[in-house]
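Understanding the architecture of this molecule
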Amino acid sequence: KWWPCIDNPADKATAEIEITVPQSNQAASNGVLDRTQPNADGTVTYFWREDSPLATYLLCVAATNYHKFEDTYTALDGVTTMPLVYYVYPEHLELARQKFAVTRSAMQIYAGLFGEYPFLGEKYGMAEFPFGGAMEHQTITGISSALVGSVTDSQQATIVHELSHHWWGDLVTMRTWNDIWLNEGFATYSEVLFVEHFLNLDPGEVMSQSYDDGQISGALGGTVTAENREDPFDDRGAIYTKGGWVLHMLRHLVGDEKFFRALKDYRARHEFGNGSTGELRESFERQYGQPLDWFFQPWVYAPGRPLYKLSSELSGPDGSGSYTVKVTLKQKQSIVIPGRAEAVFIMPLDLTIHFDDGTTETRVVLNDARRQKVSFTVSKRPTSVGVDEAHWVLKKVKGQ
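Residues numbered from 1 in each chain as written. Predicted model: local features only at pLDDT ≥ 70, side-chain atom pairs only at ≥ 80, totals over all residues. Heavy atoms only, no water.

For the protein chain, mean pLDDT is 93; residues scoring 70 or higher make up 97% of the total. Every residue in residues 214-218 scores below 50 in pLDDT, and together they form six contacts with partners more than four places removed in sequence or on other chains. (pLDDT = per-residue confidence, 0-100. Contact = heavy atoms within 4.5 Å.)

Below you can see the structure in the form of structure tokens.
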């Protein structure tokens, strides 16, 4: 199987696709369907047109005896509508109706967070195919028949993951394959953002329970950026899951308002074109107001994650009734960070002080050394100290 093209994600083009199939079949592709033409030989030709620039790997031709059904998405303006068009195997029709219903809600959530769906004048669709997994073809995601036909799994994560690619991957495409995490890490974190807003779940809890280090430990020898352009998916755990953690940590670093402003800035500067890790960093720096190479260098370009060891000394009260909390924080990982003499993952860390009355207090420390000592004065009797209990940082904690 092959597709003649310039196989470069930065070489975007528009497309006109003509597909001739038996009359018993339907053919789905990118963009809008201009017309269908019955032919004298008992075939029919579908004329699809994609006027939005797309990377060649996002072209799609899907044809079989599909059953087509539709839904409608209403844009953020409350007026404009767009078809959601689904092509499924007849035997999976009822399962697909149930599973695909989440698409409209996910699109509303993503439009609110990232800006309007980019291809509002065209469509969003899904077409069932016989391969494994799913693929975010521009305006017409391909989804495996094994996933659609599963009676035990809603495939919600897959559906919203592929939808999010229409912002991060299709609208803004990585400039080179080295930056494939700008597609897949973004889509992974978009899964988290979806369940956060759809199910009202805490994002840190979702990250720790569903995207924790145990799921990616086999891939942490790699880096978020793909070092092998001939095989950019060789470190899938780092590209997908650790890439999602990078965005989660950036969100904590700059705060929600600036985080989503940075994403919209990155989109606006590179939509219908291509972006790089460096250009993403620049969008975040514009919001943060300071350089962020200290964050990107260890978290994106170095392998692994920090292994923290925390010890604390609690004393008091003193003559004024105050207590002292002394904390020693060590990083115990053994890795090399390019361009750094010392293998330190720099990150503001939340230290949570627990008191004997059941309350807590959080102090933020910029952890930028292999061994760091800090001291706090508090007014109540402390009992223990925890590190990053809200799960904002990809880490291991020694002793846990």
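Next up on the list: the packing of helix α2 (residues 102-114) against helix α5 (residues 181-198). Where α2 meets α5, the axes come as close as 10 Å, and the angle between the chain directions of the two elements is 105°. Classified by the angle their axes make, α2 and α5 are roughly perpendicular. Contacts between α2 and α5 involve V102, S105, A106, I109, Y110, L113 and F114 from the former and S190, E191, L193, F194, H197 and F198 from the latter. Tallied by class, the residues present in the contact of α2 with α5 amount to nine nonpolar, three polar and one charged. (Axes fitted to C-alpha atoms, helices over the stretch in contact; angles between N-to-C directions. Helix = DSSP H or I, 4+ residues; strand = E, 2+ residues; numbered from the N terminus. Parallel < 35°, antiparallel > 145°, perpendicular 65-115°, else oblique. Nonpolar A, V, L, I, M, F, W, Y, C, P; charged D, E, K, R; others polar.)

Bringing the sheet that holds strand β19 (residues 396-397) into the picture now. Taken together, the four strands give an open sheet; going across it, the order is β17-β14-β13-β19, and neighbouring strands pair in mixed fashion. Since the sheet does not close on itself, it has two edges, and those belong to β17 (371-378) and β19, each with one partner. Note: strand β13 (residues 307-315) against β19, two bridges, orientation parallel. Across the sheet, L307 pairs through a bridge with K396, a residue of β19. (Pairing = 2+ DSSP bridges.)

We now examine a negative patch on the surface. Residues E227, E230, D231 and D234 make up a contiguous surface patch of negative charge. Overall, E230 belongs to the exposed group, its relative accessible area being 75%. (Patch = residues over 30% accessible without salt bridge, like charges linked within 9 Å, V, L, I, M, F, W, Y side chains within 5 Å. Areas by Shrake-Rupley, 256 points an atom, 1.4 Å probe, with all protein chains shown as cover. Salt bridge = Lys/Arg side-chain N within 4 Å of Asp/Glu carboxyl O. Lys, Arg positive; Asp, Glu negative; His and termini not counted. Charge placed at Lys NZ, Arg CZ, Asp CG, Glu CD. Buried < 20%, exposed > 50% of the residue type's maximum accessible area, 1.4 Å probe, protein only.)

What follows concerns a positive patch on the surface. A grouping of K309, K326, K332, R371, K373 and K398 is seen on the molecular surface, where their side chains present a positively charged patch. The class for K373 is exposed, based on a relative accessible area of 59%.

The geometry of an aromatic ring pair is captured by the separation of the ring centres together with the interplanar angle, meaning the angle of the planes. Under the defined criterion, the tally for this structure stands at 28 aromatic pairs. Geometrically, the ring pair formed by Y66 and Y89 is stacked, given 6.3 Å between the ring centres and 25° between the ring planes. Here the residue Y66 occupies a position in the loop between β5 (61-64) and β6 (67-74), and Y89 occupies one in the loop between β7 (81-88) and α1 (93-100), the gap between them amounting to 23 residues. Judged by relative accessible area, Y89 falls into the buried class, the value being 16%. Three or more aromatic residues joined by ring pairs make a cluster, and in this case those are Y110, F114, Y117, F119, Y124, W167, W168, W181, F186, Y266 and F272. Directly above the ring of F47 sits R35, whose terminal nitrogen or CZ lies 3.7 Å from the centroid. (Phe/Tyr/Trp six-rings, centres within 6.5 Å; stacked < 30°, edge-to-face > 60°. Lys NZ or Arg CZ within 6 Å of the ring centre and 35° of its normal.)

The next point concerns the sheet that holds strand β10 (residues 140-144). Strands sit in the order β6-β7-β8-β10-β9 across an open sheet of five strands; the sheet is mixed. In this open sheet, the two strands that pair with only one neighbour each are β6 and β9 (134-135). With two bridges joining them, β9 and β10 adopt antiparallel strand pairing. Bridge pairing in β10 places A134 opposite I143. Most of the contacts of α2 go to β6, to which it runs at about 35°, and overall it touches β6, β7 and β8 (124-129).

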